[in-house]
Amino acid sequence: MTPVYIVVFIAAAALLGFVTHDRWRVNLLLAVSALAVYALQPALPVRGLDFYLPTVTLALAALTWVLTTPREMRSWRANRTAAVLLGALVLALALTRYLGFSLPLTASRPPQTQMVLALLTVAALLGLLIARFTSPGKAVLSAAFVLVILLFLLLKVPALSLQLSLFLRGLNEQSLTTASALDIRWLGFSYIAFRLLHTLRDRQSGRLPPVSLAEYVTYIVFFPTLSAGPIDRIERFVGDLRRPPVRAAADWGEAGKRLLLGMFKKFALADTLAIIALNGTNALQVRTAGWAWVLLYAYSFQLYFDFSGYTDIAIGLGRLLGFKLPENFNAPYLKPNLTQFWNNWHMTLTQWFRAYFFNPVTRALRSGKKTLSIPVIIFTTQLATMVLIGLWHGVTWNFVLWGLWQGIGLFLHNRWSELTKARFASLPLRWQKTLNVGGALLTFHFVSLSWVLFALPEPAVSVRFFQTLFGAA
Amino acid sequence: MDARFLRNVLLKGLLLFLVLDLLAAALPSGVGKLSLYNHLLDGRLRFPFGEDSARSYNLSLFDLDAMFASHIIAAGPKPDGEYRVIVIGDSSTWGTLLRPEETLAGQLDAADMQTCDGRRVRVYNLGYPTVSLTKDLMVLDYALRYNPNLLIWPLTLESFPADKQLSSPIVSNNAARVDELIARYDLPLDPADPSLVRPDFWEQTLIGQRRALADLLRLQLYGVLWSATGIDQTYPADYTRAQTDFDADITFHGQSGPDLDETQLAFDIFEAVLAAAGDIPVIVVNEPMLISAGENGDLRYNFLYPRWAYDDWRAMMQARAVSEGWNYLDLWNLVPADQFTNSAIHMSPAGQALMVEQVKLSLQNQICP
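Residue numbers here run from 1 along each chain, matching the order of that chain's written sequence. By the order in which they are written, chains take letters starting at A while ligands take numbers starting at 1. Side-chain atom pairs in this predicted model are given and counted only at pLDDT of 80 or more, local residue features only at pLDDT of at least 70, and totals for whole chains, interfaces and linings cover all residues.

Where do I start with the overall build of chain B in this structure?
Secondary structure is summarised from DSSP: a helix means a run of H or I of at least four residues, a strand means a run of E of at least two, and numbering begins at the N terminus for each. Secondary structure assignment for chain B yields twelve helices and five strands. Against the globule reference of 21 Å for 369 residues, chain B gives a C-alpha radius of gyration of 23 Å, in line with a compact fold. Dimensions of chain B, computed from the C-alpha atoms along their principal axes, are close to 80 × 50 × 45 Å. When burial is assessed residue by residue, chain B has 39% of its 369 residues classed as buried. Residue pairs are scored as contacts if the distance between their C-beta atoms, which are placed from the backbone, is within 7 Å. Taking the contacts inside chain B whose residues are at least 6 apart along the sequence as the reference set, 79% of them involve residues at least 24 apart. Throughout, the radius of gyration refers to the C-alpha atoms, and the reference size of a globule is 2.2 Å times the residue count to the power 0.38. Whether a residue is buried, exposed or partly exposed is read from the other C-beta atoms within 10 Å of its own C-beta, which are placed from the backbone; 20 or more gives buried, 12 or fewer gives exposed, and intermediate counts give partly exposed.

What should I look at first to understand the overall build of chain A in this one?
Scanning chain A from terminus to terminus reveals 19 helices and zero strands. The C-alpha radius of gyration of chain A comes to 24 Å, within 12% of the 23 Å expected for a compact globule of 473 residues. In terms of overall dimensions, chain A has a C-alpha envelope of 65 × 55 × 50 Å along the principal axes. When contacts within chain A are restricted to residue pairs at least 6 apart in sequence, those whose partners lie at least 24 apart make up 72%.

Looking at this model, I keep getting lost on helix α10 (residues 267-277) of chain B. Mind explaining?
Quick reminder: α-helices carry 3.6 residues per turn. Residues three or four places apart thus point the same way. Residue and element names in this part refer to chain B. Of all the positions in α10, only I269, F270, A272, V273, A276 and A277 are classed as buried. The buried residues of α10 occupy an angular sector of 155° when the element is viewed end-on, so they sit on one face. In the core, the buried residues of α10 are packed alongside α6 (133-143), β3 (150-155), α8 (175-185) and β4 (282-286). Looking one or two places after α10, you find G278, whose phi comes out positive at around 60°. Here the arc refers to the directions that run from the helix axis out to each C-beta atom.

I tried to follow the interface of chain B and chain A on my own but got confused; where do I start?
By a frequent convention, interface size equals the accessible area lost on bringing the separate parts together. Contacts between the two partners involve 14 residues from chain B, matched on the other side by 14 residues from chain A. For the side of chain B that touches chain A, the secondary-structure elements that each account for two or more residues are α1 (3-26) and α9 (210-229) of chain B. In terms of residues, the side of chain B that touches chain A owes the most to one element, α9 of chain B, which gives eight residues. Only Asp, Glu, Lys and Arg are considered charged, only Ala, Val, Leu, Ile, Met, Phe, Trp, Tyr, Cys and Pro nonpolar, and every remaining residue, Gly among them, polar. Looking at the side of chain B that touches chain A, its residues break down into nine nonpolar, three polar and two charged.

It is not clear to me how the domain arrangement of chain A should be interpreted in this structure. Could you clarify?
Residue and element names in this part refer to chain A. As assigned here, chain A comprises domain 1 (19-242) and domain 2 (326-469). Note: domain ranges come from an automatic or database domain assignment. Spacing between the C-alpha centres of domain 1 and domain 2 amounts to 33 Å. Between domain 1 and domain 2, the contact holds twelve residues from the first and nine residues from the second. Among the secondary structure elements, those contributing two or more residues to the side of domain 1 that touches domain 2 are α6 (138-156) and α8 (189-204).

Before we go on, may I ask you to explain the nonpolar core in this structure?
Nonpolar cores are built from buried Ala, Val, Leu, Ile, Met, Phe, Trp, Tyr and Cys residues. These are joined into a set through C-beta atoms within 7 Å. Counting residues in each nonpolar core, the largest one holds 126 residues, and the members touching the most others are L295 of chain A together with V87, W153, V273 and V359 of chain B. Per element, the largest residue contribution to this core is nine residues, and it comes from helix α13 (residues 289-320) of chain A. Ranked by size, the runner-up nonpolar core spans 80 residues in total, among them A61, F194, I234 and L321 of chain A.

Would you take a moment to explain α13 of chain A for this structure?
Residue and element names in this part refer to chain A. In this scheme, a helix's expected span is set at 1.5 Å multiplied by one less than its residue total. If you check α13, its first and last C-alpha atoms are 46 Å apart, about what 32 residues at 1.5 Å a residue would give, namely 46 Å. The element α13 is extensively covered by neighbouring structure, given that 25 of its 32 residues are classed as buried. Two residues or fewer after α13 comes G322, characterised by a positive phi angle close to 90°.

Looking at this structure, how should I read the environment of W226 of chain B?
All names here are of chain B. For W226, the location among the structural elements is in helix α9. Residue W226 is classed as buried on the basis of its C-beta count, with 23 C-beta atoms lying within 10 Å. Considering only alpha carbons, one finds W226 and Y57, 169 residues apart in sequence, at a separation of 6.2 Å. If near-sequence neighbours (up to four positions away) are discounted, W226 is found in contact with D42, R44, Y57, I231 and D232.

Just to check I follow, could you spell out the sheet that holds strand β1 (residues 82-89) of chain B for this structure?
By way of backbone hydrogen bonds, the strands of a sheet pair with one another, either parallel or antiparallel. All names here are of chain B. DSSP calls a pair of strands paired once it identifies at least 2 bridges connecting them. The sheet built from five strands is open, its strands ordered β2-β1-β3-β4-β5 with parallel pairing. What marks the edges here is a single partner per strand, and that holds for β2 (120-127) and β5 (327-330). Ignoring strand direction, the axes of neighbouring strands in this sheet form an average angle of 20°. With five bridges joining them, β3 and β4 adopt parallel strand pairing. Here the axes come from fitting lines to C-alpha atoms, over the contacting stretch only for helices, and the angles between their N-to-C directions go from 0 to 180 degrees.

Is there a simple way to explain the environment of R7 of chain B in this structure?
Residues and elements named next belong to chain B. Mapped onto the elements of the fold, R7 is located in helix α1. The class of R7 is exposed, set by 11 C-beta atoms lying within 10 Å. Put simply, R7 and D245 are 238 residues apart on the chain and 70 Å apart in space, counted from C-alpha to C-alpha.

I tried to follow the environment of A54 of chain B on my own but got confused; where do I start?
All names here are of chain B. Along the chain, A54 falls in helix α2 (residues 53-56). Since 13 C-beta atoms lie within 10 Å of it, A54 is described here as partly exposed. Separated by 28 residues in sequence, A54 and E82 have C-alpha atoms that sit 35 Å apart.

Help me out: how do you make sense of the packing of α6 of chain B against α10 of chain B in this one?
All names here are of chain B. Put simply, α6 and α10 touch, their axes get as near as 9 Å, and they point 10° apart. When the axis of α6 is compared with that of α10, the two are roughly parallel. Between α6 and α10, the contacting residues are L133, T134, D136, L137, L140 and D141 on the first element and I269, F270, A272, V273, A276 and A277 on the second. Here the residues of the contact of α6 with α10 are counted per class, giving nine nonpolar, one polar and two charged. Note on angle classes: values under 35 degrees are labelled roughly parallel, values over 145 roughly antiparallel, values of 65 to 115 roughly perpendicular, and the remainder oblique.

Would you mind showing me how to read the packing of helix α2 (residues 22-40) of chain A against helix α4 (residues 76-95) of chain A here?
Axis angle and axis distance: for two packed helices, these are the angle between their axes and the distance between the axes, and together they describe the pair. Residues and elements named next belong to chain A. One way to put it is that α2 packs onto α4 with a least axis distance of 10 Å and a crossing angle of 30°. For the pair α2 and α4, the crossing hand works out as right-handed. Taking contact as the criterion, the partners of N27, L30, A31, A34, L35 and Y38 in α2 are, on α4, T81, A82, L85, L86, L89 and L93. When its residues are assigned to classes, the contact of α2 with α4 shows ten nonpolar, two polar and no charged. The handedness criterion is simple: a crossing whose near helix is rotated anticlockwise from the far helix by less than a right angle is left-handed, and one whose near helix is rotated clockwise is right-handed.

Whenever I open this one, unusual backbone geometry confuses me. Can you help?
Leave glycine aside and you will find that most residues have negative phi; peptide bonds, for their part, are mostly trans. A cis geometry characterises the amide bond from G229 of chain A onward to P230 of chain A, with omega recorded as 5°. Checked against the element boundaries, P230 of chain A lands in the loop between α9 (213-221) and α10 (234-242). Phi at N296 of chain B takes a positive value of approximately 60°, unusual for a residue other than glycine. Tracing the sequence through the fold places N296 of chain B in the loop between β4 and α11 (307-324).

Following this line, the structure appears as structure tokens:
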């Protein structure tokens, strides 16, 4: 998100914050969020793709709503405004191709209108078919769950992305020689996928609250959280959406504070540190261990300020609109151990994995026929969870290694904590504080060293950089 | 947090910003002298210059204070046992496509020469990649505060045209320094020349200077990567070689010969450089250039020069060197054509080494006759 978009979003959020009428509020938020999906999508070399991907995002959201909503709740009458609004917006954006100038609402000139109409028709027919012949049964929801994961893999496995690019280029009769996995950059899909999976899973378990099409699609593509989270829960989000915004000075003050803090973190601190942060090029150029540590520290803080800056901006925008979005970071680098670090770093992601992977797998292992010891269960679930979180960032060996690193670290801390908990509690407070400071330093370095795997493209480059860090290069 | 509190925060913030902004405009700026180089960061072996900052860990800026503060010559007072040689000049001296140790200054410094009285000869690269005698004068004028013992000055005809003197961005963006030089050396330059950029009051506020301030900050940041990697330039494996085939064009800055109009060349500024050096010995070097045998090579030596213009200028330099007793090295045809890289004056390390050998002999004569 560029500073210009952020300023536009602040202005939009400040204006929308004044809309208190229920239906207007939700429909305006839906319209602005849907436009943001197109506006934020980066330009792509495959012709038309930067228009089709946002359209598919909206179609996916609408179809998933149909799938997750009980038949009696999906009346046309109650949801037609949202459906027509979405269709009209897509069509209006597509028609901008006939203007003599380009609008900043789409990454490039929209594709042929008949193609967009065809896509809308297919989505509408699919929606009608699903609405007519299905109800949110377990099998259908599981199939949708798998489909979202397959889509996710298509984007995150470079070889699959490349194949998709080749296929789309072939359809467009574009050059195949310049095809790359980077051709398929789908704005915010990682976060959108989490929200879709959350609602599909909660429908399966009967926990999903009934929501309208407008509410559901707004939740999926809510513009402040579109590109970098946080990953809200739908029941909390809809609660805020249905509550008329309070325009108290405290809310404006809090919103302003978070927005300024976020922009300072992102554009002053993170973007400055990015200049000297570790990357695949300078990792091989750095000559001494001392400077290698400087690059690594710069990367650690750049990552934190970048991500937590975006979160602050999202929370500030949300506050202007009357939403109290969940926090994502709580001084993670000051935490005395790895478990606490992960309870305070990208909190909504770890909560998501805890709710939809860690806890169910732990329960399954505990209640299985073959009884496993507690340490084995902890080891298995923590390792698997962290490897999955790694793979969410990208399906590469480095992310697998990063997940293993974190999983083993969490397991070791868990065992160490079990062994020393009683002794630690009996220490004088002064000693506990001193040990916590030492723990925070140790944890920060453990995490920073793991960022080597995160920042660099492949294991060989990472090993070489580790050698430089420890003077063995 | 109530509305009154928010209003007060906003007003105080705005007021503070306004005061700081106006103060910045009203007070003389010396912020470029503040530098992490030579303290936390290694001093650069040549001036900051470059466009592809993300890969070269370098950038171009116009703040001479900052440029010198980032250079290793500003590391501290000159040590007693040092004989300080500075090399000024254009991109050939700065070392386009050469690593710092491969440049003229770098190779001379590595030669580990000593004066007769046992002082170690340290050679500093103060070249800057634009061609203008005024730029050379400006750099030398600043460099004198670092107490050089000897000046080496490679140059080429392209630095001489009078119409080019103020067009170099580093010159045009340092109008106050140019004014000083005009006054001190009675230079034939017009202070009202529109090329000279003169910021108004508002352009001197923090907002007006935001780009320059950001450049200063980026210079410090790229210093981290310079210190960490020793890289200050990109070295592409493949680049466009210097042109060797030409159109049948024999014009040089609007002249077609057969004689070069001496009044159109900035010999006054050339003399001013020698005057600025004062008692410091100067070795003037006509730097090597590519001599093409390609199409129309009989009309032009290279992309820069038609033969008639260059020959005439070389004759003028030779005559003046003799009449005025310069220490002058004419190395124009020293380096074979295949030892030039992406321009008619940019040499390969091997080509540069040929030049170094000649300059070294002259330097040796100076430091220990």
